[in-house]
Amino acid sequence: MQTLYLRPFLLYKKTSMDLQLLKVCKDFNTTKYLFELNDGNKIETVCIRRRTGITACVSTQVGCAVRCAFCASGKNGLIRNLTANEIVQQVLSVRERVNRIVFMGIGEPLHNYASLIQSIHILRDRNELNFPTDGITLSTVGPLAGLKKLREEHLKIQLVLSLHATVQRVRDRLIPGMKNNSIEETVNAILSYGKRHNRKITIAWLLLPGINDSPEDKKRLAQWFNGENVRINLLPLNKTMANYPFATQKQLRDFKKDLEHLGLEVTVRESQGRNIQAACGQLAIR
Ligand code: SF4
C-alpha cells in the first residue's frame with residue numbers, strides 16, 4: 001500500500017517544482033506565501049509561529065465550490081483541484097521548519113479526496129518526509145461522503161468540523177455548498193470518526209451575534225456534544241466581504257461561559273494574520 005503513495009513524491013523529487021514563490025507577506029507571527037502554479041493559477045499558504053512551533057496552513061484547491069458566506073476563498077467558485085504534489089510542495093516551499101500541518105487554506109479538502117489522501121501518505125511516509133500523524137489536522141465543512149470514506153482510512157489525523165449552526169436553515173445560508181448534507185448526519189459522522197480513531201474532535205463555531213448564539217443553539221450543542229470527546233472552538237469573524245455581525249470579546253466570553261455551564265469544553269481561537277489577509281476566511285485566489 002505504501003509504495004503506491006511513494007511514487008508521486010519520488011516523481012516530485014526528479015522533476016521540477018510545481019510551485020513558484022511569488023510573494024511573501026509578514027505580520028507579527030504570521031507569514032503568508034503566494035505561489036504560482038504551472039498553469040498560472042495562484043494559491044496561498046500561511047505559516048503561523050506559536051510557542052509550540054510552526055504550523056503550515058495549506059491549500060487543497062484553487063478556489064472552492066462551497067462558497068461559505070463569510071469566506072473570500074469561495075467567492076469565485078472552484079477553478080480546479082490541486083495535485084498531491086502541489087499540496088506537499090507548499091509544506092516544502094515555505095521557508096520555515098514546520099512541525100504542524102493544517103489543511104485549512106483555500107478549498108474544501110474532502111472535495112479533493114484522492115489528492116488529499118495521497119498527500120497525507122507522502123507526508124507521513126517513513127522513508128520520505130516522516131511527518132507525525134498527530135501533527136496533521138484536517139478542517140472541513142463536513143461533506144458526508146468524504147467524512148464516511150475518511151472514517152475507513154487508517155490515518156488517525158485530527159479533525160475540525162466547521163459547524164457554525166445547529167439549524168439546517170441557518171447552516172444552509174452560511175455554508176450553501178452543504179445544503180444536501182443534514183446537520184444531524186454530519187454531527188453523527190464526525191463523532192463516529194472520533195470514536196473509531198480515538199481522536200478528540202474540534203467543532204469550529206464562528207460566533208455571529210443574532211444568528212447562531214441563541215439559547216436553543218447552546219442547548220442543541222450541549223445535547224450533541226456533552227459527554228463526547230469534543231472541544232468547541234469559538235472564532236470571531238475576520239474581515240472579508242461578508243456582511244455579518246462581528247462578535248465582541250465580551251460576547252465571545254459570555255457564549256463560552258454559557259457552554260461551559262452546560263458541560264462543554266470550550267476555547268476561543270485568537271485569530272492571527274488579519275493585517276496581511278492571512279486569517280481564516282481571508283485567503284483568496286489572486
Ligand atoms: S470556508 Fe472553506 S469550505 Fe467554505 S468557502 Fe472557504 S475554503 Fe471553501
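Within any chain, residue numbers begin from 1 and follow the written order of that chain's sequence. Totals for whole chains, interfaces and linings use every residue, but because this is a predicted model, local features are given only for residues with pLDDT of at least 70 and side-chain atom pairs only at 80 or more, for both listing and counting.

Draft legend 1. Region of the structure containing the environment of A65. The helix and strand labels rest on DSSP assignments: H or I over at least four residues marks a helix, E over at least two residues marks a strand, and numbering proceeds from the N terminus. With respect to the helices and strands, the residue A65 is situated in the loop between β5 (61–63) and β6 (78–81). Look at A65 and you get partly exposed, because 14 C-beta atoms sit within 10 Å. Spatially, the C-alpha atom of A65 lies 4.6 Å from that of G77, the residues being 12 residues apart in sequence. Contact between two residues is assigned whenever their backbone-derived C-beta positions fall within 7 Å. Discounting residues that sit within four places of it in the chain, A65 has contacts with G77, L78, H111 and G177. Burial is judged by counting other C-beta atoms within 10 Å of a residue's own C-beta: 20 or more means buried, 12 or fewer means exposed, and anything between counts as partly exposed, with every C-beta placed from the backbone.

Draft legend 2. Seen up close, unusual backbone geometry. Phi is positive for R67, which is not a glycine, with a value near 55°. Mapped onto the elements, R67 comes out in the loop between β5 and β6. Look at R67 and you get partly exposed, because 16 C-beta atoms sit within 10 Å.

Draft legend 3. Layout of the packing of helix α2 (residues 84–93) against helix α3 (residues 113–124). Think of each axis as a best-fit line through the C-alpha atoms, taken over the contacting stretch in the case of a helix, with angles from 0 to 180 degrees between the N-to-C directions. Two elements in contact, α2 and α3, have axes separated by 8 Å at closest approach and are oriented at 45°. Classified by the angle between their axes, α2 and α3 sit oblique to one another. In this structure, the crossing between α2 and α3 has a hand that is right-handed. Contacts between α2 and α3 involve A84, I87, V88 and V91 from the former and S115, Q118, S119, I122 and L123 from the latter. These descriptions rest on fixed angle ranges, namely under 35 degrees for roughly parallel, over 145 for roughly antiparallel, 65 to 115 for roughly perpendicular, and the rest for oblique. Note on convention: the crossing is left-handed when the near helix lies turned anticlockwise from the far helix by less than a right angle, right-handed when the turn is clockwise.

Draft legend 4. Expanded view of the nonpolar core. What we call a nonpolar core is a set of buried Ala, Val, Leu, Ile, Met, Phe, Trp, Tyr and Cys residues whose membership is set by joining through C-beta atoms within 7 Å. Residues I203, W205 and I232 are the most contacted members of the largest nonpolar core, which totals 68 residues. Ignoring any residue separated from it by four or fewer positions in sequence, one finds I232 in contact with I203, W205, L221, F225, L259, L264, E265 and V266.

Draft legend 5. Region of interest: the site of the ligand. The environment of the ligand is made up of 12 residues, and the closest members are C64, V66, C68, C71 and G74. Residue classes follow a fixed rule: Ala, Val, Leu, Ile, Met, Phe, Trp, Tyr, Cys and Pro count as nonpolar, while Asp, Glu, Lys and Arg count as charged, and any other residue, Gly among them, counts as polar. Grouping the amino acids of the shell around the ligand by side-chain chemistry returns 6 nonpolar, 4 polar and 2 charged. For each residue, a C-beta atom is positioned from the backbone; the residue is called near a molecule or strand if that atom sits within 6 Å of it.

Draft legend 6. Region of interest: the sheet that holds strand β11 (residues 230–235). By definition, two strands form a pair when at least two bridges between them are found by DSSP. The strand order β1-β2-β3-β4-β7-β8-β9-β10-β11-β12 describes an open sheet built from 10 strands, whose pairing is mixed. Sheet topology places β1 (19–26) and β12 (265–268) at the edges, where each strand pairs with a single neighbour. Shown here is a sheet whose adjacent strand axes are inclined to one another by a mean of 25°, direction ignored. As judged from the 6 bridges shared by strand β10 (residues 201–206) and β11, these two strands associate in the parallel manner. Directly across from W205, in β11, lies its bridge partner L234. Across the sheet, helix α8 (residues 249–261) lies against β11 and β12, angled at about 170° from β12, the strand it touches most.

Draft legend 7. Layout of the confidence of the model for the protein. What pLDDT reports is the predictor's confidence in each residue, on a scale of 0 through 100. On average, residues of the protein score 89 in pLDDT, and 87% of them reach the 70 mark or higher. The lowest-confidence element of the protein is helix α1 (residues 2–14), averaging 43 in pLDDT; the highest-confidence one is helix α7 (residues 215–225), averaging 98.

Draft legend 8. Spatial organisation of the pairing of strand β7 (residues 100–103). Every second residue of β7 is oriented toward a common face, the buried set being I101 and F103 and the non-buried set R100 and V102. Pairing between strand β4 (residues 53–58) and β7: 4 bridges, direction parallel. Within the sheet, the bridge partner assigned to T55 lies in β7 and is R100. The sheet contact formed by β7 and strand β8 (residues 136–140) spans 3 bridges and is parallel. When the sheet's bridge partners are listed, I101 is paired in β8 with I136. Crossover handedness for the path β7 to α3 to β8: right-handed. Crossovers are described as right-handed under a simple rule: with the strands pointing away from the observer, the path leading from the first strand over the helix to the second runs clockwise.

Draft legend 9. Expanded view of the environment of Q118. With respect to the helices and strands, the residue Q118 is situated in helix α3. Overall, Q118 belongs to the buried group, with 21 C-beta atoms counted inside 10 Å. Residues Q118 and T83, spaced 35 residues apart in sequence, show a C-alpha to C-alpha distance of 8.9 Å.

Draft legend 10. Up close: α7. Among all positions in α7, only D217, L221, W224 and F225 are buried. All buried residues of α7 fall inside an arc of 75° around its axis, so they share one side. More than 90 degrees from the buried face of α7, the exposed residues found are P215, E216, K219 and Q223. Lining the buried residues of α7 we find α6 (183–197), β10, β11 and α8. Positive backbone phi, approximately 85°, marks G227, located one or two places after α7. Note that the arc is defined by the directions from the helix axis to the C-beta atoms.

Draft legend 11. Up close: the packing of helix α4 (residues 144–152) against α6. As a packed pair, α4 and α6 sit with axes 9 Å apart at the nearest point and diverge in direction by 15°. Comparing the axis directions of α4 and α6 gives the class roughly parallel. As α4 runs across α6, the sense of the crossing is left-handed. Residues L144, L147, K148, L150 and R151 of α4 lie in contact with α6, whose contacting residues are E185, T186, A189, I190, S192, Y193 and R196.

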